[in-house]
Amino acid sequence: MGDFRALGLNAPEPLTASHDFSSFSSGKPSLDSWLADMALRNQTSNYTRTFVVCGDAMAVRGYYAVCAGMILRKDVPRPLSPYGAPGEIPIALLARLAVDSSMQGRGVGKALLAHALKTAASAAQAVAFRALIVDAIDEDAAAFYRKLGFQPTKISPTKLILPMQDVIASMTATPPE
């Protein structure tokens, strides 16, 4: 997982009213407005869990949001929907991921994704998830996720999926020496 301290950021923590996201700007207005208008409300209403990384004075420099969901068996690649699988497959949904433009290109997005994957893998020990899904906001975002092992679903080339078994295997793999 990324070293947030080396980037001048704290480790990811749950979003609270104490966090300052007034100057957050990722270059994607819909991601910025969701953080400002919906994230805290969704957090307190148990729709999503949002984790933020901050610099000085609780200023948010990156965030991701996750929740649980379902996807139809017919919409996922065959290995995730073997014969006998239920009609709906339980998934963890990476609902949002954004990095402030001041921190882009420095590995914050990958580090946030790694934290989201670790969080989903931990949750999968208590609540069954077959995969993690993300709806990439655009083709650039989809390319980012594909480079990290996500595969397109049958729904859309920007709705991508990563089997939870792959997530868990990557976390337990012994790195080469």
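Structure first, text after, so check above.
Quick caveat, the model's predicted, so the values are computed rather than measured.

S.K.: Quick question: what am I supposed to make of the pattern of salt bridges here?
M.R.: Where charged atoms from two side chains of opposite charge come close, those side chains can pair. Under the criterion given, the structure shown has five salt bridges. Residue Arg61 pairs with Asp100 through a salt bridge whose shortest N-O separation is 3.9 Å. Here Arg61 is found in strand S3 (residues 60-72), whereas its partner Asp100 is found in the loop between strand S4 (88-99) and helix H2 (108-123), with 39 residues between them in sequence. Asp100 carries the same exposure label as Arg61, and that label is buried. The salt bridge partner of Lys159 is Asp135, with a shortest N-O separation of 2.9 Å. Of this pair, Lys159 sits in strand S7 (residues 159-163) while Asp135 sits in strand S5 (residues 131-135); the two residues are 24 residues apart in sequence, bridging distant segments of the chain. Taking relative accessible area as the criterion, Lys159 reaches 17% and is therefore assigned buried. Owing to a relative accessible area of 42%, Asp135 belongs among the partly exposed residues under this scheme.

S.K.: When you look at the packing of aromatic side chains in this model, what are you seeing that I'm missing?
M.R.: Here the distance between the centres and the angle between the planes together describe a pair of aromatic rings. For the coordinates displayed, the defined rule picks out five aromatic pairs. The interplanar angle of 20° and the centroid separation of 5.2 Å between the aromatic rings of Phe51 and Tyr64 together place this pair among those described as stacked. Here Phe51, found in strand S2 (residues 49-54), pairs with Tyr64, found in strand S3; they are 13 residues apart in sequence, far enough to count as distant. Take Phe51 and Tyr64: they sit in the same class, and that class is buried. Here the aromatic rings of Phe144 and Tyr145 are separated by 5.1 Å at their centres, their planes lie at 75°, and the arrangement is edge-to-face. For Tyr145, a relative accessible area of 5% corresponds to the buried category.

S.K.: Explain H2 to me, please; I cannot follow it from the model alone.
M.R.: Counting along an α-helix, one turn takes 3.6 residues, and residues three or four places apart therefore face a common direction. Over its 16 residues, H2 extends 22 Å from the first C-alpha to the last, a length consistent with the 22 Å expected when each residue adds 1.5 Å. Among all positions in H2, only Val108, Gly109, Ala111, Leu112, Leu113, His115, Ala116, Leu117, Ala120 and Ala121 are buried.

S.K.: I keep staring at unusual backbone geometry and nothing clicks. Help me out?
M.R.: Positive phi, normally seen in glycine, also occurs at Asn46, with a value near 65°. Mapping Asn46 onto the fold places it in the loop between helix H1 (29-44) and S2.

S.K.: Would you explain the nonpolar core in this entry?
M.R.: In summary, soluble globular proteins display a tendency toward joint burial of nonpolar side chains. By size, the foremost hydrophobic cluster in this structure holds 33 residues, and its most contacted members are Leu94 and Tyr145. When contributions to this core are tallied by element, the ones reaching two or more residues are S2, S3, S4, H2, S5, helix H3 (139-147), S7 and helix H4 (164-172). It is H2 that contributes the most residues to this core, eight residues altogether. Discounting chain neighbours no more than four positions away, the residues touching Tyr145 are Leu94, Leu97, Leu113, Val134, Ala136, Phe150 and Leu160. Core analysis: the second largest hydrophobic core is formed by 14 residues, Trp34, Leu35, Cys54 and Ala95 among them.

Rules used throughout
- Residues numbered from 1 in each chain as written.
- Predicted model: local features only at pLDDT ≥ 70, side-chain atom pairs only at ≥ 80, totals over all residues.
- Heavy atoms only, no water.
- Salt bridge = Lys/Arg side-chain N within 4 Å of Asp/Glu carboxyl O.
- Helix = DSSP H or I, 4+ residues; strand = E, 2+ residues; numbered from the N terminus.
- Buried < 20%, exposed > 50% of the residue type's maximum accessible area, 1.4 Å probe, protein only.
- Phe/Tyr/Trp six-rings, centres within 6.5 Å; stacked < 30°, edge-to-face > 60°.
- Expected span 1.5 Å × (residues − 1).
- Core = buried A, V, L, I, M, F, W, Y, C linked by side-chain atoms within 4.5 Å.
- Contact = heavy atoms within 4.5 Å.

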